Amino acid sequence: MASTHGGVTRPACAVVALALVTGAAMVSGGNASAASGPRSAVPGTISTIAGGVGGPGLATRIGMGANGVSYAHGSLYVAALNTIRRINTVTDQLSTPAGNGGFFRSGNGGLAADAGLNTNMVAADHSGNLVLTDTGDNQVRVVAARSGRFYGQPMTAGHIYRVAGSGEQVPEGVPATQAKLYAPYGVAVDAAGNVLIAVPGYSRKNLDGDRVCVVAESTGTFYGQQMKAGYIYSVAGNGMYGFSGDAGPAAAARLGRPAGVGLDAAGNVLIADTFNDRVRVVAEHTGTFYGRSMTGGDIYTIAGGGTGGLGDGGPATAAELLGPYAVAVDSAGNLVVSDTAHSRVRVVAEHTGTFYGQSMTGGDIYTVAGDGNIGFSGNGGPATSAELAGPYWTAEDGAGNLVVADGFDVRVVAAHTGTFYRQQMTAGDIYQVAGRGIDSFYSGDGGRATAAQLFEPAWVTVDHDGNFVVCDCNNNRVRVVAEHTGTFYGRSMRSGDIYTVAGNGGQGSLGEDGPATKVAVSPSSVAVDGAGNLLVGEGKFSNRVRVVAGHTGTYYGQQMTRGDIYTIAGNGQQGSSGDGGPAVHAELDSMSGLAVDAGGNVLIADTLNLRVRLVAVKTGTFYGQAMTAGNIYTVAGNGRQGFSGDGGPATHAKLNLPSGSAVDAAGNVLFADGANARVRVVAAQTGTFYGQSMTAGDVYTVAGGGTGGLGLGGPATGAELADPSNVTLDAVGNLVINDSGVLFDSGARVEVVAAHTGTFYGQAMTEGDIYSVAGNGVVGFSGDGGPAGQAELGMPANVSLDAAGDLLIADSLNNRVRLVTAWPPSP
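Residues numbered from 1 in each chain as written. Predicted model: local features only at pLDDT ≥ 70, side-chain atom pairs only at ≥ 80, totals over all residues. Heavy atoms only, no water.

Engineer: Give me a nonpolar patch on the surface: which residues, what numbers.
Structural biologist: Taken together, the side chains of Tyr182, Tyr202 and Phe275 define a hydrophobic patch exposed on the protein surface, amounting to about 300 Å² of accessible area. Inspection of the secondary structure puts Phe275 in the loop between strand E23 (269-273) and strand E24 (278-282). Judged by relative accessible area, which is 46%, Phe275 ranks as partly exposed. (Patch = residues over 30% accessible without salt bridge, like charges linked within 9 Å, V, L, I, M, F, W, Y side chains within 5 Å. Areas by Shrake-Rupley, 256 points an atom, 1.4 Å probe, with all protein chains shown as cover. Salt bridge = Lys/Arg side-chain N within 4 Å of Asp/Glu carboxyl O. Helix = DSSP H or I, 4+ residues; strand = E, 2+ residues; numbered from the N terminus. Buried < 20%, exposed > 50% of the residue type's maximum accessible area, 1.4 Å probe, protein only.)

What follows is the structure, given as structure tokens:
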């Protein structure tokens, strides 16, 4: 049966749409996707169908980038770049109370789990609220544990609020939300509930940086100053970069990009004075601390500043630190320092005794984790023999173990022999308790796709069985979300789950043939040929086109085994040579799109070579050229950057970073001429297409090139595109454009040029005019379950079609694949 919308008949099985794009005979399809679960009956609705924050699940099975860590209320809290993770110290179960996994900030006043974060440190206050530094948005935010009034404002449990930063005033006695905090990093909460913030600044001209500030939780006198609830005050640093002021007033001292702040048992403020390679202390009151007499409000160096080497086993003030990021105090009163650039964790003993398996003398410094080499080795062995990747922050858990946020994972130095985090541990040894090491944002294989992690997915398409195929670009894998339960690519799969079908995460030599999951790949795009094989464009390091055989047989002149990977174009070298010769001898450069035409030829967007090229699968004449099977040819672009050539031979035209090609029902080749902000077409035959008279082999602009703004609702050739990165054709022949540009207000959209007048994606459209169908132009993540046109996208990398005719978007910086419903369900 067929259904009619706005006078346009939808194919009963929209697999026809894929045939328009790939020229392939489809094996199976359907009108709904089991993989993504129930879909909205409302056209134009957006949802996530793969990717996200990962979990919940075991912490060791979920990737993360661990920057900061703290312990409170029986749980570890980890600032993991764009999320806050909570880890149960007994069961090692991980959940995500804040952050949606996207790379863009949003969501103040809303649910914390839906907010965009870019955080480096988290702490818990005395009310159980989570306080975090959102470095990327220059603010400090709070996730309320319960409803009430905190930091001078009313809050609702589970929601997130800005409590400091994003203003324009110097942070000295002003409302905290009006203060300018440039890249706040470390955060701590003192005994009175006030929030201490380390503000590095990173600009020698910014007086808002190189300070330690405090946001008062209540009105009173703190750190020698009268403070008002919700206001911000400087307690150390005068806003000028440098080193000065020891033994004098802390507010007059110069600091050097302080990254970390902490508190000791006496209430003194500890500062990781990062670029000064020191740990400094602001005395809370006059007394003797760290073996010396101190005056309340003054600042002192208590570790680092030496020049004679590490200095282990000697006085802390004679030791050499290198870029210390954080400082904390353990339950024995010892000072724990993240000596980040030395790839070590070090301890200054408060008094003589045995700590972390070592005999220590009070006031001296010792390495307790790290051998000075950057890496991930050593788990299960002595902590001082292990490699650390980037020990940014430390904390002590409830059992006294030392927890290290080690850049790509969370590791624990056991204080005692026993069972912690579901592992048997030996005192002084180190163990990984969360994260996956170098697989920093990868998880979920064999489980539900929406509980998996993707890392900047670059491409998504659909194979002949209706499975979603995703280029998990920065995880160096090609993954499949199974549409149905069955065997695909040589492995058993369950509907709705995700599986790796190519790539081992990066280990091995690029370009190897063999079982696809055991060799290294660097995927940038993927397509499906007429035989059901996966074509993988590798643009980062390999500069090849490779094939994962869907079945055993002979393809592209090679005998192939199902599930193995083979090279069909590119010799691995960057360059532009090879036209007219064997494709496997040619040079390619940063491919960003593959397509298959009706004859089975493989089209390559050879981006940095400024060409669209073709690998002929048989001998014949294509696009006005005589071609030999297995050889490579240019079909558009002359290799010179710029814009020219419309109405003339496509091979004489100037292109500017072409990407993402497709083939329409007439065999014309469409591609995104990205930096020219156009979509262009190479006519396969002479005729009238897209409202223009065209000559076979010539090139034409069919969308973009305007200068008067978005132009939505008007002619496509008068519209202004931001940075189109790929195109496709939908089930009724509309031209769908992925307009990815994040540097323009008009970017981060998916747009449609109507092939006919009618209603599509819930909108009335006029033939030849252009419309936005996903993305509101704001870069971020929001909108799931609502109208796609109101949703935020994060640099959509490509758009494709699924077997039901709905749009699939590789929402790369949000680490998700999202779906826009095109049609209501067929009756």
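Engineer: So, the nonpolar core: which residues are in play, and what are the values?
Structural biologist: Ile197 and Ile232 are the most contacted members of the largest nonpolar core, which has 50 residues in total. What Ile197 contacts, discounting residues up to four positions off in sequence, is Thr133, Val140, Ala164, Leu181, Pro184, Gly186, Arg211, Val212, Cys213, Val215, Ile232 and Val261. Membership of the second largest hydrophobic core comes to 25 residues, among which are Ala731, Tyr761, Val799 and Ala822. (Core = buried A, V, L, I, M, F, W, Y, C linked by side-chain atoms within 4.5 Å. Contact = heavy atoms within 4.5 Å.)

Engineer: Describe the pattern of salt bridges, listing the residues and the values that go with them.
Structural biologist: Following the criterion strictly, the structure yields 19 salt bridges and no others. Of the charged contacts, one joins Asp445 and Arg479 as a salt bridge, the two residues approaching to 2.9 Å between their closest N and O atoms. A residue pair is termed long-range when its members are at least 10 positions apart, and Asp445 in the loop between strand E39 (430-435) and strand E40 (459-462) and Arg479 in strand E42 (residues 477-481) qualify at 34 residues. Arg613 serves as the salt-bridge partner of Asp579, at 2.9 Å between the closest nitrogen and oxygen. One end of the pair, Asp579, is in the loop between strand E52 (564-569) and strand E53 (591-596); the other, Arg613, is in strand E55 (residues 611-615), and 34 residues separate them in sequence. Taking relative accessible area as the criterion, Arg613 reaches 0% and is therefore assigned buried.

Engineer: Requested: an account of the sheet that holds strand E41 (residues 468-472), with residues and values cited.
Structural biologist: Spatially, E40-E41-E42-E45 is the arrangement adopted by the four strands of the open sheet, whose pairing is antiparallel. Only two strands of the sheet have a single neighbouring strand rather than two, namely E40 and strand E45 (498-502). Going across the sheet, the axis of each strand differs from the next one's by a mean of 30°, ignoring polarity. Both E42 and E45 contribute to a ladder of four bridges, which runs antiparallel. Counterpart to Arg479 in the pairing with E45 is Thr500. (Pairing = 2+ DSSP bridges. Axes fitted to C-alpha atoms, helices over the stretch in contact; angles between N-to-C directions.)

Engineer: If you had to explain the packing of aromatic side chains to someone new, which residues and values would you point to?
Structural biologist: The full count for this structure, using the stated rule, is six aromatic pairs. Ring geometry for Tyr325 and Tyr392: centres 5.2 Å apart, planes at 75°, overall edge-to-face. Taken as a pair, Tyr325 in the loop between strand E27 (299-304) and strand E28 (326-329) and Tyr392 in the loop between strand E33 (365-369) and strand E34 (393-396) lie far apart in primary sequence, 67 residues in all. The exposure class assigned to Tyr325 is partly exposed, which follows from its relative accessible area of 22%. Residue classification places Tyr392 among the partly exposed residues on the basis of a relative accessible area of 24%. Pairwise contacts between aromatic rings join Tyr185, Tyr325, Tyr392 and Trp393 into one cluster. Its guanidinium or amino end placed over the ring of Phe243, Arg278 lies 4.0 Å from that ring's centre, counting from NZ or CZ. (Phe/Tyr/Trp six-rings, centres within 6.5 Å; stacked < 30°, edge-to-face > 60°. Lys NZ or Arg CZ within 6 Å of the ring centre and 35° of its normal.)

Engineer: Mind laying out the pairing of strand E17 (residues 195-199), listing which residues take part and the relevant values?
Structural biologist: In terms of residue burial, E17 counts as a mostly covered element, since five of its five residues are buried. Neither face of E17 is left uncovered, since the one carrying Val195, Ile197 and Val199 and the one carrying Leu196 and Ala198 both have all their residues buried. Linking strand E16 (residues 187-189) back to E17 in an antiparallel pair, the connection comprises five residues, with Gly193 at a positive phi of about 90°. Taken together, the five bridges between E17 and strand E18 (residues 211-215) define a ladder with antiparallel strand orientation. Among the inter-strand pairings, Ile197 is bridged to a residue of E18, identified as Cys213.

Engineer: Before we move on, can you summarise the sheet that holds strand E8 (residues 93-98) with the specific residues and values?
Structural biologist: One open sheet holds the five strands; their spatial order is E4-E8-E7-E6-E5, and the pairing between them is antiparallel. Each edge of the open sheet is held by one strand with a lone partner, namely strand E4 (57-58) and strand E5 (68-72). Of the strand pairs in this sheet, strand E7 (residues 84-88) and E8 are connected by three bridges, and their pairing is antiparallel. Bridged to Ile84 within E8 is Ala98.

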